[in-house]
Amino acid sequence: MKKFLQISVIPVIITLFLSSFYNVAGAQKLIFVYGHGLGAVPLDKSSSTRYTGGFGAEAGLGIGAKSTFFVASLGYTSFSGKDTFKTESYIPVKIGIREYLPMKIIFVDANIGVGFVNNSTPTKQTPNPSGSRFAADLGAGVKLGGFELGLNFDVFKEPNPDGWAGWMVFKAGFRIGL
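Residues numbered from 1 in each chain as written. Predicted model: local features only at pLDDT ≥ 70, side-chain atom pairs only at ≥ 80, totals over all residues. Heavy atoms only, no water.

Got a minute to help me understand the sheet that holds strand 5 (residues 106–119) in this structure?
Strand order in this closed barrel of eight strands is 1-2-3-4-5-6-7-8, and the pairing throughout is antiparallel. Along the sheet, successive strands turn relative to each other by an average axial angle of 25°, direction set aside. In terms of strand pairing, strand 1 (residues 31–42) meets strand 2 (residues 51–65) through 10 bridges, oriented antiparallel. Across the sheet, the residue bridging to leucine 38 is glycine 56, located in strand 2. (Pairing = 2+ DSSP bridges. Helix = DSSP H or I, 4+ residues; strand = E, 2+ residues; numbered from the N terminus. Axes fitted to C-alpha atoms, helices over the stretch in contact; angles between N-to-C directions.)

Looking at this structure, how should I read the packing of aromatic side chains?
Any pair of aromatic rings gets described here by the distance separating the centres and the angle formed by the planes. Evaluated as defined, the whole model comprises 11 aromatic pairs. Each ring, one from phenylalanine 69 and one from tyrosine 100, has its centre 5.9 Å from the other, and the planes form 85°; the classification is edge-to-face. Of this pair, phenylalanine 69 sits in strand 3 (residues 68–81) while tyrosine 100 sits in strand 4 (residues 88–100); the two residues are 31 residues apart in sequence, bridging distant segments of the chain. Exposure class is identical for phenylalanine 69 and tyrosine 100. Each is buried. Site record: aromatic cluster; members linked through ring pairs are Phe32, Tyr34, Phe69, Tyr100 and Phe107. Positioned above the aromatic ring of tyrosine 34 is the side chain of arginine 98, whose terminal nitrogen or guanidinium carbon lies 5.2 Å from the ring centre. Against the face of phenylalanine 107 rests arginine 98, its NZ or CZ located 4.0 Å from the ring centre. (Phe/Tyr/Trp six-rings, centres within 6.5 Å; stacked < 30°, edge-to-face > 60°. Buried < 20%, exposed > 50% of the residue type's maximum accessible area, 1.4 Å probe, protein only. Lys NZ or Arg CZ within 6 Å of the ring centre and 35° of its normal.)

Just to check I follow, could you spell out the environment of glycine 139 for this structure?
Within the secondary structure, glycine 139 sits in strand 6 (residues 131–144). Distance in space between the C-alpha atoms of glycine 139 and leucine 151 is 5.6 Å, their sequence separation being 12 residues. Each residue touching glycine 139, except ones within four places of it in the same chain, is listed here: Phe107, Val108, Asp109, Leu151 and Asn152. (Contact = heavy atoms within 4.5 Å.)

Hey, could you run me through the pairing of strand 6 in this one?
With 12 bridges connecting them, strand 5 and strand 6 associate as antiparallel partners. Bridge pairing links valine 114 to phenylalanine 134 in strand 6. Where strand 6 lies against strand 7 (residues 147–158), 10 bridges are found, and the strand directions are antiparallel. Opposite leucine 138, over in strand 7, you have phenylalanine 153 as the bridge partner. Two successive antiparallel strands, strand 6 and strand 7, enclose a turn made up of two residues, where glycine 145 displays a positive phi of approximately 65°.

Got a minute to help me understand the pattern of salt bridges in this structure?
When charged atoms on two side chains of opposite charge get close, those side chains can pair. Tallying each qualifying case throughout the model produces six salt bridges. Here aspartate 154 and lysine 94 are joined by a salt bridge, their closest N and O atoms 2.9 Å apart. With a gap of 60 residues between them, aspartate 154 in strand 7 and lysine 94 in strand 4 connect regions that are remote in the sequence. Among the salt bridges present, the one from glutamate 148 reaches arginine 175, with a minimum N-O distance of 3.7 Å. Remark: arginine 175 occurs in strand 8 (residues 163–177) and glutamate 148 occurs in strand 7; sequence separation between them is 27 residues. Taken together, the shared-partner salt bridges in this structure form one network comprising Lys94, Asp137 and Asp154. (Salt bridge = Lys/Arg side-chain N within 4 Å of Asp/Glu carboxyl O.)

Read these as geometric descriptors, not functional statements.
What follows is the structure, given as structure tokens:
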């Protein structure tokens, strides 16, 4: 748990420090970096049977102009197990697009990539072994100066039963325009 807290807190502290240099001038920003803390709630029956929820962090980079930005992100989420299930960690590496609506306060985003899943439950107890899987998310958020709040529906492919693990992810963090 101590290591998990170190992994989760360090990106947030770095982001808070860097956000103190955020320039709120009206100049067009073509690049931004962001860091979010996140909480995940299971949505599908398979995930909600095995896990209570998860916490983690993500960091990313956006490049674009006007209202459309291409983004790349890296994250980490640890899901807490129920009953005989232990923790499961999820490391998504994604690329996508973020579109700002008029006034650049509200945005929508969509991302795809690969999720590296590490399941600590012995394979005899869980049908889903560790490995890499297709991952995607779709969401929306608001940007208030350098602060962002978001809500995403995040999924990754599950091999058994053949289907998807679905999570509602709440994000909060900072964005720094460069």
